[in-house]
Structures are given as C-alpha cells and as structure tokens.
Amino acid sequence: MILMNKAFVREPDDDGRSYCPQCKALGRPVEKGPLDTHIRQESRAKIGDAAWFCAYPLCDVAYFNLFGAIIRMDELNAPVYPYDPNAPICACFGLTYDDVEADVHDEKPSRIRELLAKSKTPEARCHELAADGICCMGAVQELYMRLRNQTADNA
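About the criteria used
Residues numbered from 1 in each chain as written. Predicted model: local features only at pLDDT ≥ 70, side-chain atom pairs only at ≥ 80, totals over all residues. Heavy atoms only, no water. Helix = DSSP H or I, 4+ residues; strand = E, 2+ residues; numbered from the N terminus. Buried < 20%, exposed > 50% of the residue type's maximum accessible area, 1.4 Å probe, protein only. Contact = heavy atoms within 4.5 Å. Phe/Tyr/Trp six-rings, centres within 6.5 Å; stacked < 30°, edge-to-face > 60°. Pairing = 2+ DSSP bridges. Axes fitted to C-alpha atoms, helices over the stretch in contact; angles between N-to-C directions.

Following tyrosine 81, the chain continues to proline 82 via a peptide bond in cis, the omega torsion being 15°. Of note, proline 82 is situated in the loop between strand S4 (70-72) and helix H3 (97-106). Positive phi outside glycine occurs at glutamate 107, with the angle close to 60°. You can see glutamate 107 is positioned in the loop between H3 and helix H4 (110-118). Residue classification places glutamate 107 among the exposed residues on the basis of a relative accessible area of 72%.

With respect to the secondary-structure elements, serine 43 resides in helix H2 (residues 41-44). Taking the relative accessible area as the measure of exposure, serine 43 reaches 8% and is therefore buried. Setting aside its immediate chain neighbours within four residues, serine 43 contacts Ile71 and Glu75.

Let us now look at the packing of aromatic side chains. Aromatic rings in a pair are described by how distant their centres are and how their planes are angled relative to each other. A full pass over the atoms with the stated rule returns three aromatic pairs. Aromatic side chains phenylalanine 53 and tyrosine 63 sit 5.5 Å apart centroid to centroid with 55° between the ring planes, which places their arrangement in the tilted category. One end of the pair, phenylalanine 53, is in strand S2 (residues 50-53); the other, tyrosine 63, is in strand S3 (residues 61-64), with ten residues separating them in the sequence. Comparing phenylalanine 53 with tyrosine 63, the two get one shared label, buried.

Attention now goes to the pairing of S3. Relative to S3, S2 runs antiparallel, the two being bridged by two bridges. Paired with phenylalanine 53 across the bridge in S3 is tyrosine 63. Two elements, S3 and S4, share three bridges in a ladder whose sense is antiparallel. Across the sheet, phenylalanine 64 pairs through a bridge with isoleucine 70, a residue of S4.

This paragraph deals with the sheet that holds S2. On the basis of which strands lie adjacent, the open sheet formed by four strands has the order S1-S2-S3-S4 and antiparallel pairing. Unpaired on one side and paired on the other, strand S1 (28-31) and S4 mark the two borders of the sheet. The average undirected angle you get between the axes of adjacent strands in this sheet is 30°.

In structure tokens:
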C-alpha cells in the first residue's frame, strides 16, 4: 500500500457552484432582485445581495449563501413554484400549473404560446420577479411535455 502525503493530492477547483446546506442540491445563483421581491423584510438582512436558490421542491431552504445564512420557505412573502404547485409558475404573468394542464387537455398550447410571446416583452421581469431569477419558459415547457406524456400513457 502506497501512502501519499495530502500535500500532493489536488483539491477540486472552485467552479463557482454552490450546494444547498440542507439537501445538497445544486443552487441557482440569484442577485438582489429576487431576494428583495421574495424575502420578508424582517428576514432580508440575513442574506446579502447575492445568494443561491434551492430549487429542490422537498427542501425547506429557499435561499442560502456561502456564509451559512439560509432563508427558509416560511420567510418568503408568498409561496413560490416549485415548492408550492398552486403558486404561479410564471411570476411575471401568472401562468399556473392549472393553465398548463388546461393546454394539455385542450391539445393546443395556446396559453403557453401567449406566455412565450409575453416573455419577449419589457414586461417580463424574470430577473427580479422569479424566485430563481430566470425565465420560467423552460419549466413551463418541461411541465407541458411531462403532463402530455402522462396523458398519452393513460389513454
């Protein structure tokens, strides 16, 4: 057996990613806008102007930073998707799970197409209104396809 001094073992490079201290899910970096929008005023000072959003729906942590500060779900102003499936998926225009489900039922994604058109306008302020600071179109499309496939499997 060869023993190696730890001085010769390469540590992993810091690539800017951060993981939730509770569930270990990869966090999504967010800036001041979503933090100011979603965190209750009395909890806002706990975290700086940059943090990470934990998107794992079963985790109780909403935001965290590298200094060990966390913001839990009960410290948010209102429920957010994906933690609460009844919360709007789209923070800018209010599209909900039920809207996506209705598009699947109608066999025509008219609400999603309307959202796509709106997402390209100045009224789309995802960087400050979305809990994770990113556009919801990817999540909406993924949900639509998942529900559509479930409907096809059940037919």
